[in-house]
Amino acid sequence: KTISTVLTIKIIWILVYYPVLVLSLFNTTSDAKVFIKRTTGDGVALRRSKRGWMWNQFFLLEEYTGTDYQYVGKLHSDQDKGDGSLKYILSGDGAGSLFLIDENSGDIHATKRLDREEKAYYALRAQAVNKKTGRPVEPESEFIIKIHDINDNEPKFTKEIYTASVPEMSYVGTSVVQVTATDADDPTYGNSARVVYSILQGQPYFSVEPETGIIRTALPNMNRENRENYHVVIQAKDMAGQMGGLSGTTTVNITLTDVNDNPPRFTHNTYQFGVPESTEAGSPVGRIKADDADVGRNAEVDYTIINGDGLDMFDITTDMNTQEGVITVKRPLDYEKKKIYTLKVQAENTHLDPRFLSQGPFKDTATVKITVEDVDEPPNFERASYIMDVKEDAVNGTVIGSVSAEDPDITSSAIRYSIDRHTDLERLFNIHPGNGSIFTLRPLDREEFAWHNISVIATEFSNPKQVSRVPVFIRVLDINDNAPTLATYYETFVCENAKANQRIQTVSAVDADDPTGGHKFFFSLSPEASVNANFTVRDNRDNTAGILTRRSGFSRLERSTYLLPVVISDGDYPMQSSTNTLTVRVCTCDKEGNMQSCNAEAQMLPAGLSTGALVAILLCIIILLIIVVLFAALRRQKKKEPLIISKEDVRDNVVSYNDEGGGEEDTQAFDIGTLRNPEAIEDNKQRRDIIPESLYPSRRTALTRDNADVRDFINQRLQENDTDPAAPPYDSLATYAYEGNGSVAESLSSLESATTEGDQDYNYLSEWGPRFKKLAEMYGGEDSDRDS
């Protein structure tokens with residue numbers, strides 16, 4: 001009975017999961033071949049045969065775990081007589097590797113374990129072929145092997161960790177986030193891919209919808225201030241959540257976002273601060289803060305002063321970084337006037353949530369007391385600045401005004417006044433140190449400086465460090481102390497053909513003074529020039545005057561210029577006047593009165609000789625003079641015979657002086673008296689062959705009066721020249737214009753070394769060749785000396 005039961009279960013299992021076995025028995029239809037005889041025009045009969053075998057698809061279970069090849073199904077053709085004359089061929093997806101066919105029996109086996117999630121079906125082609133001829137006996141047909149799914153894949157969420165947020169105090173059922181899990185199994189076959197969601201961790205705060213995976217709030221009044229973060233674990237299970245199904249989980253991090261459900265509250269009812277009375281406007285006094293359990297914009301607070309006796313003296317602003325109220329000084333404080341101020345400050349949320357207005361007012365108030373601290377203040381001037389007037393003719397010591405300052409402290413101190421000399425460098429003013437009276441020290445000149453800006457310093461006697469300054473602007477008032485003068489230099493001329501009463505110039509005047517009613521000038525001709533005057537001055541009554549001729553006809557030959565003294569006076573008190581000389585030149589003019597020439601010497605030149613011709617004549621004369629000078633200079637030059645005549649002109653730097661005297665008697669060539677009296681030579685005389693600079697100190701030795709020997713004098717000079725460091729760096733021939741028969745001075749040549757005391761023999765020069773022939777003749781021997 002047990003064996004039959006097992007066989008029954010296997011048969012049912014085979015019928016359910018392996019229907020291919022049954023289908024393979026009926027997959028061929030042994031339809032009889034139908035022969036249709038038709039006759040063509042020539043009597044030939046036609047024949048059509050019907051297909052002999054066909055099928056739709058095979059089924060194969062995935063994830064086979066057996067050791068043998070998994071049987072798929074059997075192919076069979078009705079042309080197969082069982083004599084082994086046919087063979088079956090399989091082609092298509094996986095043919096020959098994944099699927100094998102027995103060519104004789106047509107049995108198909110799967111060689112590998114198949115996974116539906118990798119490939120759900122395979123399309124193959126089958127054909128029956130005659131073994132001998134190799135021709136197909138049936139047309140090629142296509143069939144499909146479909147892989148049956150089993151539940152071998154667990155659900156997987158699209159994200160490993162979800163992050164979501166929901167406002168605090170949300171209603172129950174508020175949607176938070178939706179999670180999604182997918183199953184790789186076949187959703188069209190069974191429940192392998194049917195997923196159901198459940199919550200494993202996160203109750204009772206949140207819940208999840210089983211079908212959709214939407215997470216919702218499950219508790220009311222979830223307060224962020226109590227708990228802000230939640231970790232919820234969601235499970236997804238296939239097989240519709242039944243036992244045996246596979247499952248997967250994910251974590252959802254849920255954060256409660258803040259809403260404005262908490263009002264600001266001061267931690268103290270009263271705050272106290274102290275501030276020195278010297279604190280400047282805008283400086284901070286202190287900070288207060290109203291705490292708010294909310295965060296972000298819901299915790300932003302606006303501070304205002306709503307009441308108190310310091311509304312005009314203090315102000316409060318909000319520090320947006322710390323949400324503190326910063327109290328600042330609005331106006332200068334004075335301890336002597338008021339010592340304590342009381343403020344009522346309000347803190348209110350700037351962003352309100354209408355849902356929570358019923359929980360109470362979202363604002364709070366506190367009292368702030370500010371105590372003003374006394375400090376030693378500098379003196380206060382009764383004015384911010386002073387303006388004083390003084391006439392420019394005021395005598396030294398004239399008082400022009402006064403300043404006043406006092407100590408604002410309760411213990412008032414005496415004040416000492418002084419002038420900052422950096423603002424009065426010329427020391428034009430001074431101030432009385434006790435009463436602040438300002439007076440002049442020097443004369444003033446409005447025309448030089450119309451305003452003087454000085455600074456007065458007030459210092460406390462009890463504390464010299466307490467000082468104050470005030471600017472004093474001193475205006476210098478004008479008096480009529482300057483005479484008017486001509487406005488500019490006028491180049492006035494009169495034509496030779498001018499008529500009487502003809503205006504030749506219009507003049508105006510300027511005055512450095514600045515009268516209140518404006519300038520008023522009067523012009524006239526000086527009294528001494530009015531007698532036999534050639535010109536006259538006509539006042540135009542508009543601060544200008546015209547210069548007119550009193551006669552007609554002027555001649556440059558007779559007089560080329562006229563000096564016209566013009567008297568200009570102003571109309572102020574005391575009246576000031578000045579005499580200004582106007583130079584009038586006599587010029588030749590054309591018919592329209594345009595000036596042509598004003599040079600009197602031009603009249604004396606011959607007619608027809610223009611200025612250009614005169615310039616040309618002068619240039620010719622200068623050129624002729626230059627030619628004559630150059631010619632004379634060339635004539636004075638003498639040709640000099642070269643010292644050495646050779647094809648190769650190689651020579652030392654030898655200078656030839658063709659001057660040979662006749663001995664001591666030749667006084668025209670050299671003054672022997674100078675040698676006899678060496679002291680007559682100036683000691684500081686510079687050499688003519690070097691730069692005349694005192695590069696080296698003089699090395700000459702002092703001459704004694706007893707040294708009358710000319711030879712010793714010459715040797716001494718020779719030694720000085722040879723040892724002179726300023727001498728040229730080459731041999732040079734220095735001639736001492738003293739040479740004669742029997743002279744005690746002997747040879748004066750500088751070729752003689754300073755270290756050699758005796759005479760030098762130059763006979764060897766004749767042995768040096770023709771190039772030194774000339775030198776040998778000049779210095780070569782005793783015969784040469786006798787002949788000379």
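Residues numbered from 1 in each chain as written. Predicted model: local features only at pLDDT ≥ 70, side-chain atom pairs only at ≥ 80, totals over all residues. Heavy atoms only, no water.

An unreviewed UniProt entry lists the protein chain under the name Cadherin-10, from Lepisosteus oculatus. Recorded under Function (unreviewed entry), the UniProt text for the protein chain is reproduced unchanged: "Cadherins are calcium-dependent cell adhesion proteins. They preferentially interact with themselves in a homophilic manner in connecting cells; cadherins may thus contribute to the sorting of heterogeneous cell types." In its Subcellular location (unreviewed entry) section, the UniProt entry covering the protein chain states "Cell membrane". (UniProt positions renumbered as here; feature names shortened; annotations may be inferred.)

K.L.:
Describe the overall build of the protein chain, listing the residues and the values that go with them.
P.N.:
Across its full length, the protein chain carries seven helices and 45 strands. A buried classification covers 33% of the 788 residues belonging to the protein chain. Sequence separation of at least 24 residues holds for 66% of the intrachain contacts in the protein chain that already meet a minimum separation of 6. Summed over all atoms, the accessible surface of the protein chain reaches about 49400 Å², with 51% contributed by carbon and sulfur. (Helix = DSSP H or I, 4+ residues; strand = E, 2+ residues; numbered from the N terminus. Buried < 20%, exposed > 50% of the residue type's maximum accessible area, 1.4 Å probe, protein only. Contact = heavy atoms within 4.5 Å. Areas by Shrake-Rupley, 256 points an atom, 1.4 Å probe, with all protein chains shown as cover.)

K.L.:
How would you sum up the sheet that holds strand 26 (residues 340-349)? Please name residues and give values.
P.N.:
Taking strand neighbours across the sheet as the criterion, the four strands line up as 20-27-26-23 in an open arrangement whose pairing is mixed. Of all the strands in the sheet, just strand 20 (270-276) and strand 23 (301-308) have a single pairing partner and so form its edges. Sheet twist, expressed as the average angle between the axes of neighbouring strands with direction ignored, equals 30°. As defined by bridge partners, strand 26 adjoins strand 27 (residues 363-373) across nine bridges and the pair is classed as antiparallel. Among the inter-strand pairings, Val345 is bridged to a residue of strand 27, identified as Ala366. (Pairing = 2+ DSSP bridges. Axes fitted to C-alpha atoms, helices over the stretch in contact; angles between N-to-C directions.)

K.L.:
Any details on unusual backbone geometry? Residues and values, ideally.
P.N.:
Residues Gln203 and Pro204 are joined by a peptide bond in cis, for which omega reads 0°. One non-glycine residue with positive phi stands out, namely Arg427, at about 55°. Tracing the sequence through the fold places Arg427 in the loop between strand 32 (415-419) and strand 33 (429-431).

K.L.:
Mind laying out a nonpolar patch on the surface, listing which residues take part and the relevant values?
P.N.:
There is a patch of nonpolar side chains on the surface, built from Val615, Leu619, Ile622, Ile626 and Leu630 and spanning about 470 Å² of accessible area. With respect to the helices and strands, the residue Val615 is situated in helix 3 (residues 611-636). By relative accessible area, which is 44% here, Val615 ends up partly exposed. (Patch = residues over 30% accessible without salt bridge, like charges linked within 9 Å, V, L, I, M, F, W, Y side chains within 5 Å. Salt bridge = Lys/Arg side-chain N within 4 Å of Asp/Glu carboxyl O.)

K.L.:
Now, about a negative patch on the surface: what can you tell me, with residues and values included?
P.N.:
A cluster of acidic side chains, namely Asp393, Glu426, Asp445, Glu448 and Asp481, defines a negative patch on the protein surface. Considering the arrangement of structural elements, one finds Glu448 in the loop between strand 34 (437-440) and strand 35 (451-460). (Lys, Arg positive; Asp, Glu negative; His and termini not counted. Charge placed at Lys NZ, Arg CZ, Asp CG, Glu CD.)

K.L.:
An account of the sheet that holds strand 14 (residues 196-201) is requested, with residue identities and associated values reported.
P.N.:
Strand order in the open sheet formed by four strands is 11-18-17-14, with mixed pairing between adjacent strands. Each edge of the open sheet carries a strand with a single partner, namely strand 11 (161-167) and strand 14. Each strand of the sheet is rotated relative to its neighbour by a mean of 30°, with strand direction disregarded. As paired elements, strand 11 and strand 18 (residues 247-257) share seven bridges and run parallel to each other. If you follow Pro167 over to strand 18, its bridge partner there is Thr257.

K.L.:
Please set out the UniProt feature "transmembrane region" (unreviewed entry) in the protein chain residue by residue, giving values where relevant.
P.N.:
Within the UniProt annotation, "transmembrane region" (unreviewed entry) is assigned to residues 7-26 and 613-634. Along residues 613-634, the helical share is 100% and the strand share 0%, with 32 Å between the first and last C-alpha atoms.

K.L.:
A description of the state of the cysteines should follow, citing residues and the corresponding values.
P.N.:
One pass over the full model with this rule turns up two disulfides. A disulfide bridge connects Cys495 with Cys589, and the sulfur atoms are separated by 2.0 Å. Here the S-S torsion is close to -85°, and the disulfide linking Cys495 with Cys589 is therefore left-handed. Pair noted here: Cys495 is in strand 38 (residues 492-495) and Cys589 is in strand 44 (residues 577-589), with a separation of 94 residues, a long-range link. There is no split in this pair, since Cys495 and Cys589 are both buried. Shown here is the disulfide that connects Cys587 with Cys598, its sulfur atoms set 1.5 Å apart. One disulfide, between Cys587 and Cys598, carries an S-S torsion of 105° and so falls in the right-handed class. (Disulfide = S-S within 2.5 Å.)

K.L.:
So what's going on with the side chain of Arg446? Residues and values would help.
P.N.:
Looking at the element boundaries, Arg446 is found in the loop between strand 34 and strand 35. Take Arg446: its relative accessible area is 14%, and that puts it in the buried class. Within polar-contact distance, the side chain of Arg446 engages the side chain of Glu447 at 3.1 Å. Apart from the residues lying within four places of it in its own chain, the contact partners of Arg446 are Glu392, Val476, Leu477, Asp478, Ala512, Asp513 and Asp514. (Polar contact = N/O pair within 3.5 Å; in protein donor to acceptor, adjacent residues only side chain to side chain.)

K.L.:
Tell me about the nonpolar core, and name the residues and values.
P.N.:
Most often, soluble globular proteins keep nonpolar side chains buried together rather than apart. Phe314 and Val368 are the most contacted members of the largest nonpolar core, which has 25 residues in total. Of all the secondary structure elements, the ones that give two or more residues to this core are strand 20, strand 21 (284-288), strand 23, strand 24 (314-319), strand 25 (324-329), strand 26 and strand 27. Among residues more than four places away in sequence, those in contact with Phe314 are Val285, Ile305, Ile327, Thr328, Val329, Lys330, Leu333, Tyr341, Leu343 and Ile370. Counting residues in each nonpolar core, the second largest holds 24 residues, with Phe523, Phe535, Val537 and Val584 among its members. (Core = buried A, V, L, I, M, F, W, Y, C linked by side-chain atoms within 4.5 Å.)

K.L.:
Kindly report on the environment of Asp152, identifying the contributing residues and their values.
P.N.:
When you line up the elements, Asp152 lands in the loop between strand 9 (141-148) and strand 10 (156-157). Judged by its relative accessible area of 25%, Asp152 is partly exposed. Spatially, the C-alpha atom of Asp152 lies 9.5 Å from that of Glu117, the residues being 35 residues apart in sequence.

K.L.:
Got a sec to walk through the environment of Val372? Specific residues and values, please.
P.N.:
Its place among the elements puts Val372 in strand 27. C-alpha separation for the pair Val372 and Tyr341, spaced 31 residues apart in sequence, amounts to 8.0 Å. Leave out the neighbours within four places in its chain, and Val372 touches Val275, Glu277, Leu333, Tyr335, Lys338, Lys339 and Tyr341.

K.L.:
Hey, could you go over the pairing of strand 7 (residues 107-110) for me, with residue numbers and the actual values?
P.N.:
Both strand 4 (residues 70-74) and strand 7 contribute to a ladder of four bridges, which runs antiparallel. For Lys74, the partnering residue across the bridge sits in strand 7 and is Asp107. The turn linking strand 6 (residues 99-101) back onto strand 7 is made up of five residues, and Gly106 within it adopts a positive phi angle of 85°.

K.L.:
An account of the packing of aromatic side chains is requested, with residue identities and associated values reported.
P.N.:
Counted according to the given criterion, the structure contains ten aromatic pairs. Centre to centre, the rings of Phe554 and Tyr562 are 5.8 Å apart; their planes meet at 80°, and the pair counts as edge-to-face. The exposure classification of Phe554 matches that of Tyr562, with both residues buried. An aromatic cluster is defined as three or more aromatic residues linked by ring pairs; in this entry it consists of Tyr205, Phe206 and Tyr230. Just above the ring of Phe554 sits the side chain of Arg551; from NZ or CZ to the centre is 4.1 Å. (Phe/Tyr/Trp six-rings, centres within 6.5 Å; stacked < 30°, edge-to-face > 60°. Lys NZ or Arg CZ within 6 Å of the ring centre and 35° of its normal.)

K.L.:
Residue-level account of the pairing of strand 24, with values.
P.N.:
Pairing of strand 24 with strand 25 involves six bridges; the strand directions are antiparallel. Looking at strand 25, one finds that Ile316 is bridged to Ile327. Adjacent in sequence and paired antiparallel, strand 24 and strand 25 are bridged by four residues, among which Gln323 carries a positive phi angle near 55°.

K.L.:
Let's hear about the pattern of salt bridges: which residues, and what values?
P.N.:
Going through the model one piece at a time under the given rule, you end up with 16 salt bridges. We note a salt bridge from Asp353 to Arg355, for which the minimum N-O separation is 3.2 Å. Here the residues in one salt-bridge network are Arg224, Glu225, Glu228 and Asp258, joined through shared partners.

K.L.:
Which residues make up the environment of Ser105, and what values go with them?
P.N.:
Within the fold, Ser105 resides in the loop between strand 6 and strand 7. In the structure, Ser105 is positioned 18 residues away from Lys87 in sequence and 7.9 Å away in space, judged by C-alpha atoms. Apart from the residues lying within four places of it in its own chain, the contact partners of Ser105 are Lys74, Leu75 and Tyr88. Of the polar contacts made by the side chain of Ser105, one reaches the side chain of Asp102; its length is 3.1 Å.

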